[in-house]
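For reference, the chains in residue letters:
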2 protein chains.
Amino acid sequence: MTKSTGQLDNLTSIDNWQSIANGIWRCELGDISKEQCYSNLAVAPPRWDRINVLSPADFPFVSDVPSYQNKDGKITIRIPAEADEQLYGFGLQFDGLKKNKTVLTLNTDHWNKGGGRTHAPVPFYISSKGYGVFFNTARYLKVYCQIGNRKDSPNNPVPVDRNPVPETESIDPWQAVPQGDAVEGHIIGKGMEIIVFSGASMLDVVRRYNLYCGGGVLPPLWGLGFWHRVHAAFDADQTEAEVAAFNEKQFPLDVVGLEPGWMSSSYPCTFEWQKARFAEPDVLAKRLLEQGVRLNLWINPYVSPESRIHDEIYPYSGSHMVWLGLVPDYYMPQARRLLVEQHTKEHLNIGISGYKVDEVDGYDFWLWPDHATFPSGISGESMRQTYGLLMQNLLYKDLFKKNNQRTYGNVRSSNGGASGYPFVIYSDSYDHAQYIRGISAASLCGVLWTPEVRNAATAREWLNRMQTVCFSPMAKLNAWATGLHPWSFPEVEAAVRKVIQLRMRLLPYIYSAFADYHFNGVPPMRAMMLESEAIDINGTVVKGKLDSETDPYAMNTVMETTDQFMFGPSIMVAPFYGDKATERQVHLPSGKWYDFYSGQPVGSHTTFVIKAEVLNDQIPLFVKDGALIPMLSKNLLNTQGIQGCDLELRHYGTADGTFELYEDDGKSFDYEQGAYRIRTLSVTEQGLTETLSKDDAAALFGSVSLRRMS
Amino acid sequence: MTKSTGQLDNLTSIDNWQSIANGIWRCELGDISKEQCYSNLAVAPPRWDRINVLSPADFPFVSDVPSYQNKDGKITIRIPAEADEQLYGFGLQFDGLKKNKTVLTLNTDHWNKGGGRTHAPVPFYISSKGYGVFFNTARYLKVYCQIGNRKDSPNNPVPVDRNPVPETESIDPWQAVPQGDAVEGHIIGKGMEIIVFSGASMLDVVRRYNLYCGGGVLPPLWGLGFWHRVHAAFDADQTEAEVAAFNEKQFPLDVVGLEPGWMSSSYPCTFEWQKARFAEPDVLAKRLLEQGVRLNLWINPYVSPESRIHDEIYPYSGSHMVWLGLVPDYYMPQARRLLVEQHTKEHLNIGISGYKVDEVDGYDFWLWPDHATFPSGISGESMRQTYGLLMQNLLYKDLFKKNNQRTYGNVRSSNGGASGYPFVIYSDSYDHAQYIRGISAASLCGVLWTPEVRNAATAREWLNRMQTVCFSPMAKLNAWATGLHPWSFPEVEAAVRKVIQLRMRLLPYIYSAFADYHFNGVPPMRAMMLESEAIDINGTVVKGKLDSETDPYAMNTVMETTDQFMFGPSIMVAPFYGDKATERQVHLPSGKWYDFYSGQPVGSHTTFVIKAEVLNDQIPLFVKDGALIPMLSKNLLNTQGIQGCDLELRHYGTADGTFELYEDDGKSFDYEQGAYRIRTLSVTEQGLTETLSKDDAAALFGSVSLRRMS
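Note on numbering: residues in each chain are counted from 1, in written sequence order. Here every chain gets a letter starting at A, and every ligand a number starting at 1, in the order they are written. Where totals are concerned, whole chains, interfaces and linings use all residues; where local detail is concerned, this predicted model gives features only for residues with pLDDT of at least 70, and gives and counts side-chain atom pairs only at 80 or more. The side-chain numbers reported here are obtained from all heavy atoms of the structure, hydrogens and water having been left aside.

A few words now on unusual backbone geometry. Note the cis peptide between Y267 of chain A and P268 of chain A, where omega equals 0°. Numbering of helices and strands starts at the N terminus; helices are DSSP runs of H or I of at least 4 residues and strands are runs of E of at least 2. Here P268 of chain A shows up in the loop between β15 (255-258) and α4 (281-290). Residue F271 of chain A is not a glycine yet carries a positive backbone phi of 65°. Along the chain, F271 of chain A falls in the loop between β15 and α4. Here the phi dihedral of E359 of chain B falls at roughly 55°; this positive angle occurs in a residue that is not glycine.

Below is the structure:
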């Protein structure tokens, strides 16, 4: 146990914690009146109603307390961390979830720069002791996680001579990085809000965070179908032909994306149609929609001098340009209005479903410098930390929500408070292992991540990547530059079709998982550490709240596993990838697990090797005992025909099971006014029973038939 | 020509330039009273006398002027830069000298992190237009060099559609990084001093910088001899045996270095002798000194609890420890006094010649965090930017200078204002090409760099590295960890001995080059860009002041060459390295050049290939027409016997030549009181003449004999 550090030199104990909800506390350090907080940009106010029904949780810092310093324009905070405490998170970090003994600079940046720089450097970490800390500040935060030893701390290790004479050698090895006893961090700014989330498990901590941010996103049903993007130089006819080819090949397709060439000039962007390629975009959109296919438009936010809004938006833009285009300051209502009017008229009104918002992720060579100024008074730094979030806020709130139309799209950067936004992050980096890890990392910080497919060196890699993406928040092929199609590798064409079909069949399951994200804060895809059960020294299962006194197997094997993840409530995914292209290890947490395809038991609390050939080249999927998986009873080519579809309800293992099937209209925000229903499906030895939450909301799916898999 | 940007949004033209000397201007932005400037830590005040005899030079900014902003605790500066202007410098950057179109974060860091982070991130750049700008602030400076386009600048390129329809395609290509018209930078701080140096050439700009920083260092003569470090676990007997082995093998040796094991505990450090290894360090030092060999001690600054000064220095140390040792605040006289007393008694008084100051270069995982506090009130950030400089200042001024004893040693970090310090930077990185490039990079920013040798995969690599280091500011073998000796590769033992002997023979030449550094600011080893002569459109030679109107050959070939460099006034070095191990290209600037060994002409203003076999495996050295190279007329095993040595004066080519041979006692600071003399050696067709600057100072060398090489 860490000894209390009491009053350390130059630090003041934080004594103004406010309990703001069950298991949530906040404090203000310094003056936050002019500081930008991420939560200001959240989709909605905290879901207090949902937070307060979670299991009660205590304030986590008792024996030692956080402290801070406000000096010379810098806010420093010190949060105690014990030596046996595991720290996770800090955003969409592709280099691993565990953040013990590391220093991170949480700056928005492109690719995976390491050291904390990433597309979504969310300043939120989770401790294995069952709490999380959210630094609610849109500043560059530099954090030292268990690195750094204050000279007056009572918890410092004893120094070890690195160059001893033989007879004096210590048993303890010399440490290049001696164990620190805190997470210390600082921003340059006048103030900072800190929010502490506690929980009965790490999952509960994450749920509180997501509910505090307004709840997780509930995408439109069509957003969960299959996506494809066409070449930047394609015109309307070529786009239609591409859609026709999907149909002909019997590959599902819900959304087709247009790349920058749809615009009259890009980059910088006009946001206006390139008439030489798209003479009648409204006709194209209509014709596609009749086939159940929606259009998504690539944009980046930088306004071309040739755009009709350029001159009007000029005074509401920053001092510096990006690619010689204006950087609108969307903290200003005037700027928002200009873009929204243009987008409404030219995009929304003709049926455009959403956007891919590129290049808001802050590469220094492209973006505005940190000293850029903006008319709203927001600093260049805070603008960079929030620009991706701000674009999501603008497009979601002022464009789609206002029109009671759900959207789903992509964004290249995000940050704290983003849980409710229907935008999935993507990257130009392309390491498959990192792409899989991103799914776990995203689940810890309220963002969604798609390991979209662009290219592959072999048919096997193509299949593996297509399988992974079909078990992510967005099943997207983004091969516009390579011109590849799902069927481009004939050896695996059938297997690729099969996994996309499986994705489609699973839509009732996936959609309900997103409803659980929205209403209860449970991420639809989750890191194993949120799922793990550890067994404590008394043999009791401790769900997701671990320390070194608990079973080290669970801690070290399952929790640190980032190449498998949970998909919805009951399915564990362990994709083949990289040099594990056809054979890999799988770690099963405790509890009985079953093969998704055969329903056969595979083990409990164990590690084993799985081979692709055993699964007939299907992606390895494992299901919990008692799990219910509702699936469409037939294959669909897109979600147009999903209404009224009958369901097959798979039941795995021997335990009784329950599933809350969520139903609404799949496309509007009417669910916010209660226009949804939950069909509680229960399976026991006796059979299936259904209970409806209310019977006045429209049914989405048809009748349910039970299929016992085991 | 860049158009004047006049008054840009939110920026104020700097109108408080003070002309402080011939070709030097300064201004203060904001309040610098509590900011730390690098020049505060310089070795001595500016050498106004020496600056004012340089060719006059005008203020470089006429058509457009620098401007700034002081807002929200951030100082932003904008310095105009034209599109055809080449920018160089920003410290010891191993990834190249040219810094056009780049973004740099000038933080002290270890290795070569790239992006500006390095051992000596000196905030000083030089323009091909003949001026330099020194940001005299010990803050993290983030600079955008010709990157960033203000929306109200009149110099912006016209945007180009990246996705044109064919008939509208522009002739100009789309640019990922459009040309910027300024160097913009910012610090978080209250104020900043800017110093502008102008010059008739880029070399003159560098000379002004060095003279402003108090003049370049004049090392003791022994410091320019050969160095070797022994294993950390060696005791006194093993150290003596090592020295004896050098003598037996007839390899020169002036300094032997002890690694951390000489201390009673390290790291953290006690600075006290490990009596189990060194029972009588005074006896050892005396015995070695009798053989002309000096001891150098490894230290890092972090104070062990076992050190006798620990408790007293505790209140004068920072909030955080490094490797569990205190970080003394040497801005406090009390801390300085404690260390100096200990070092004087235990090191200086027994004959220790100097130190290798390790690990002051700031790796985040090891050093104090930026939010660490120090009793003097210096910020953690400024302490990190200056700690290497501060250690040099302390050891030089309070220890050695006070005792009128010159020192020479190593340091792992430095920064602006360091020109006068007798500490040579080294690194754990080990790329030979980068190590050679470092010699050029160091010459632009007033620091010294040694490409010290540690190991080699092949005998050829060993030879090539030994050759390079013998033509650097410190000829050091630092192979303590590998246990290698200069003779460890028998195939090249003779060739290695030969190049070390050549280094020793060249000492009169090298020592005079350092005198030129000290008195006139001319770096002893120099980047080609400081040497290049370009030929302008009228056929006139323009020395070191280039723009796109001058000969592009000189600009693009010679100036950008970083794998060859100038060594003293007349020798150009082009080492073999990497995959150019036995054959490489050499670029000769204009003027006639001669082979050092044979005296044969090799060409002028040309590029050719040289092979190792042609030079009998000697390092390629080329000499200017008319050059005089004074060399010892016999081989020495160290500098002990150098006093009174006769000299061979080599003359190359056909032109008349002059050399200013510098002489003093080689070890004290008496030269500062005028105890030195200059023998001006002149060679014409008629023969050699000598003129003495004064005849009351002692002679260092004996008589001079002319040897005509061509």
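Picking up after the structure, the text goes on.
On to the sheet that holds strand β2 (residues 18-21) of chain A. Residue and element names in this part refer to chain A. Two strands form a pair only when DSSP identifies at least two bridges running between them. Strands sit in the order β2-β3-β13-β9-β8-β6 across an open sheet of 6 strands; the sheet is antiparallel. The outermost strands of the open sheet, each flanked by one partner alone, are β2 and β6 (87-89). For this sheet the average axis-to-axis angle between neighbouring strands, irrespective of direction, equals 25°. Pairing of strand β8 (residues 124-127) with strand β9 (residues 131-136), which is carried by 4 bridges, proceeds in the antiparallel orientation. The residue of β9 that forms the bridge with F124 is F134. Whether two residues touch is decided by their heavy atoms; if any such pair falls within 4.5 Å, the residues are in contact. The axes used here are C-alpha line fits, helices contributing only the stretch in contact, and every angle between their N-to-C directions lies in the interval 0 to 180 degrees. Of the strands in this sheet, β2, β3 (24-30), β6, β8, β9 and β13 (191-198) are in contact with helix α2 (residues 202-212), which crosses β13 at around 135°.

Moving on, we get to the packing of helix α9 (residues 459-470) of chain A against helix α10 (residues 493-505) of chain A. All names here are of chain A. Packing of α9 against α10 leaves a shortest axis separation of 9 Å and a crossing angle of 5°. Between α9 and α10, the angle falls in the class roughly parallel. Only A495, V496, V499, I500 and R503 of α10 make contact with α9, whose side of the interface consists of W462, L463, M466, Q467, V469 and C470. Amino acids are sorted into nonpolar (Ala, Val, Leu, Ile, Met, Phe, Trp, Tyr, Cys and Pro), charged (Asp, Glu, Lys and Arg) and polar (every other residue, Gly among them). In the contact of α9 with α10, the residues fall into 9 nonpolar, 1 polar and 1 charged. Put simply, angles under 35 degrees are roughly parallel, angles over 145 are roughly antiparallel, angles from 65 to 115 are roughly perpendicular, and the rest are oblique.

So, on to the packing of α2 of chain A against helix α11 (residues 507-520) of chain A. Residue and element names in this part refer to chain A. Viewed as axis vectors pointing N to C, α2 and α11 meet at an angle of 75°, and their least axial separation amounts to 8 Å. Classified by the angle between their axes, α2 and α11 sit roughly perpendicular to one another. Residues R207, N210 and L211 of α2 form the contact with α11, whose participating residues are Y517, H518, F519 and N520. Residue composition of the contact of α2 with α11, by class: 3 nonpolar, 3 polar and 1 charged.

What follows deals with the pairing of β8 of chain A. All names here are of chain A. For every residue, the accessible area obtained with a 1.4 Å probe (protein chains only) is divided by the maximum for its type, and the residue is called buried under 20%, exposed over 50%, and partly exposed between those limits. Burial of β8 is two-sided: the residues F124 and I126 facing one way and the residues Y125 and S127 facing the other way are all buried. The pairing of β6 with β8 spans 3 bridges and is classified as antiparallel. Each bridged residue has a counterpart across the sheet, and for G89 the counterpart in β8 is Y125. Taking the residues that link successive antiparallel strands as the turn, the β8-β9 hairpin has 3 residues, and the phi of G130 there is positive, at about 90°.

Here the domain parsing of chain A yields domain 1 (12-160 + 169-212), domain 2 (225-506), domain 3 (528-567 + 571-624) and domain 4 (628-708). The domain boundaries here were taken from an automatic or database domain assignment. Computed from C-alpha atoms alone, the centre-to-centre distance between domain 1 of chain A and domain 4 of chain A is 39 Å.

Bringing the relation of the copies chain A and chain B into the picture now. A rotation about some axis, followed by a shift along it, carries one copy of the chain onto the other. In the superposition of chain A on chain B (RMSD 0.0 Å, axial shift 0.0 Å), the rotation amounts to 180°. The superposition of one copy onto the other is thereby described by a two-fold rotation axis. Minimal C-alpha distance to the rotation axis in chain A is attained by G73 of chain A, lying at 3.5 Å. A shared interface surface links the copies, since 99% of the contact residues of chain A are contact residues in chain B too. Least-squares superposition of the copies uses the C-alpha atoms of those residues scoring a pLDDT of at least 70 in each of them.

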